[in-house]
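Reading the structure
Listed below are the residues making up each chain.
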Amino acid sequence: MESTERMSAVELRASMSLASIYGLRMLGMFLILPIFSIYAETLPGGKNHLMIGLALGAYGLTQAMFQLPFGMASDRFGRKRLIYIGLVIFVIGSLIAGFADNIYMVIVGRAIQGAGAVSAAVTALVADLTREEHRTKAMAMIGGTIGITFALSLVIAPALNQWIGVPGIFLLTGVLAALAILDVKFLVPDPVVSRFHSDSEASPSKLKEVLRNPQLLRLNFGIFALHAAQMAMFIVVPFAIKQSSGMNENQHWQVYLPVVLLGLALMVPAIIYGEKRAKLKQVFLSAISLMLVAQLLFASSITHFWGIVISLAGYFIAFNTLEAILPSIISKLAPAASKGTAIGVYNTSQSLGVFAGGVVGGYLSSYHGFSSVFIFCSVLMVMWLICALTMQAPPAVKSKMYHLAEMTATQGQELSLKLAAVSGVREAVILADEGAVILKVDLQQGFDEENVLRLIGEA
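Residues numbered from 1 in each chain as written. Predicted model: local features only at pLDDT ≥ 70, side-chain atom pairs only at ≥ 80, totals over all residues. Heavy atoms only, no water.

Some remarks on the layout of surface pockets
One way to see where empty space is left: roll a probe the size of a water molecule over the atoms. In this structure, the second largest pocket encloses a volume near 300 Å³. Lining the second largest pocket are 17 residues, and of these Ala-127, Asp-128, Leu-129, Thr-130 and Val-193 lie nearest its centre. Secondary structure elements with two or more residues in the lining of the second largest pocket: α1 (9-30) and α6 (119-129). Here the lining of the second largest pocket gets three residues from one element, more than from any other, and that element is α6. Counted by class, the lining of the second largest pocket contains seven nonpolar, three polar and seven charged residues. (1 Å grid on protein atoms, 1.4 Å probe; cavity = no way out; pocket = protein on both sides within 12 Å on 5 of 7 lines; lining within 4 Å. Points joined across faces, edges and corners; volume = space filled by probe spheres on them. Helix = DSSP H or I, 4+ residues; strand = E, 2+ residues; numbered from the N terminus. Nonpolar A, V, L, I, M, F, W, Y, C, P; charged D, E, K, R; others polar.)

Some words on the packing of aromatic side chains
The full count for this structure, using the stated rule, is 15 aromatic pairs. On the basis of an interplanar angle of 20° and a centroid distance of 6.4 Å, the ring pair of Phe-239 and Phe-370 is categorised as stacked. Note that Phe-239 is positioned in helix α9 (residues 214-245) and Phe-370 in helix α14 (residues 370-389), a separation of 131 residues in sequence. Note on Phe-370: relative accessible area 18%, which makes it buried. Judged by centre distance (4.7 Å) and plane angle (20°), the rings of Phe-298 and Phe-374 are stacked. Taken together, the residues span a long stretch of sequence, with Phe-298 in helix α11 (residues 280-301) and Phe-374 in helix α14 at a distance of 76 residues. Comparing Phe-298 with Phe-374, the two get one shared label, buried. An aromatic cluster is built from Phe-30, Phe-150, Phe-234, Tyr-256, Tyr-315, Phe-316 and Phe-319, whose rings are joined through pairwise contacts. (Phe/Tyr/Trp six-rings, centres within 6.5 Å; stacked < 30°, edge-to-face > 60°. Buried < 20%, exposed > 50% of the residue type's maximum accessible area, 1.4 Å probe, protein only.)

Rendered as C-alpha cells:
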C-alpha cells in the first residue's frame with residue numbers, strides 16, 4: 001500500500017466532475033449577487049428591499065432544509081438518482097426565476113432552486129469513488145470551488161448582465177444544471193460499492209454529539225454570521241456603488257476585480273503562515289477583526305465611493321481567509337469518526353446564514369437605511385469575535401485515511417491502540433464496517449507512516 005501513490009485517472013475525473021457540480025450549487029447563490037438588487041427593484045414588488053432580501057435568502061432556506069435529507073436519502077436510493085433529482089429541481093427553479101415578471105415569482109423560483117440540494121449527495125459519491133488515502137484531496141477540490149466561484153461570480157456577473165440580463169443568468173444556470181446531469185451520467189463512473197462514509201456524510205446518530213460540542217458550535221455560528229453578512233451587504237452594495245460613482249451596474253466589475261484579486265493574493269500567505277507555524281487561531285481572530293473593521297467602515301462611508309472600495313478590499317481579504325480556514329479548523333477539532341456530520345451541520349448553518357442575512361438585510365435596508373445593514377453585520381462580527389476568543393486553539397494536525405481489510409470489532413480496537421502508540425499519531429479511529437482507518441497526525445512531531453502502514457498490513 002503506497003500512501004504517496006497519485007490519484008488514478010478515474011478518481012481525478014470523478015473528483016473534478018463532481019467538484020464542478022458542487023460549484024454549480026454555489027454559482028446559483030453567488031452569480032446574481034452583484035447585480036440582482038438593482039434588477040429586482042425594477043420588478044413589481046421589488047421596491048420593497050425586504051422582498052429583494054427574501055429572493056436572495058430563499059435559496060439558503062431550502063438548501064438548509066433539504067441538503068442533509070438528500071445526502072441521507074442517497075445512502076438508500078442511490079447517489080446518482082438523488083443528484084439527478086436535485087439537478088432537475090434546480091433547473092425548474094431556474095426556469096421559474098428566469099421567466100418571472102414580478103419579485104414574488106422570483107422568490108418562488110429561488111426557493112425551488114435551493115431545494116435541489118445536491119451537495120451532500122455529491123460529497124458522498126466522491127467518497128464512493130475515491131480511495132481513503134486520496135479522499136482528502138478530492139474534498140479539497142470541492143472546497144476550493146467555493147472561493148473560486150464567488151470570485152468569478154463577482155467579476156463575470158456584470159458582463160453577463162449586459163449581454164443577457166438577470167433573467168438570462170437564471171436561465172443560464174438552468175442550462176448548466178441540465179448539462180451537469182449529462183456530466184454525472186456520462187463522465188462520472190458508477191461506484192462499484194456505495195456505502196456510508198463517516199468522514200464525508202452526516203449520521204443521525206452523531207448529530208447530538210456534534211450539536212453539543214461547544215467548539216463546533218462556535219464555528220457553526222461563525223459560518224452563519226459570515227454568510228448572513230455577505231447576503232445582507234450585497235442587498236446594499238450594488239445600489240451604493242451606482243449612487244456614489246454613477247457607474248452602471250454592468251461596469252461594477254471594475255470595482256470588484258482588483259479587490260477580489262487583492263483578497264485572494266493576501267489570503268494565501270495568511271493561511272500558509274497559520275498552518276505552518278500552528279498560528280491558525282491568531283490568523284482566524286485577525287481575519288474576524290478585519291471583517292469587523294470592514295463592516296464598521298461600510299456603515300460610516302457607504303455614501304462615498306472610495307470608502308466603499310476600501311471597505312470592499314478589507315472585506316474580501318477577510319472573507320477569503322475565513323472561508324478557507326473554517327473547514328480546516330472543523331477538520332482539526334471535530335472527532336475523527338464524526339467529521340462528516342460536523343461538516344453537514346456546518347453547511348446547514350451556512351445556508352441558514354444566507355436566509356437570515358437576506359431577510360434581515362432587506363428589512364433594514366428598506367425601513368432603516370443602508371448604514372443600518374452594516375451595523376447589523378458589525379454586531380454579528382462582534383458576537384463571532386467573542387465566541388472565537390474563547391475557542392480552543394486548533395491543534396497542529398492533519399487527517400490521513402487508509403484502506404483497511406475486513407476485521408472484527410475486537411481486532412479493530414486492538415489495532416487502534418497500536419496505531420495510537422505510533423509516533424506522531426494524536427487520534428486513531430478504526431471504522432471496521434467502512435473498511436477505513438482515520439488518523440489525526442501531529443504536524444509538529446515526526447510521523448512514522450512506515451510503521452502505520454506495517455501495522456495496517458499485518459492486521
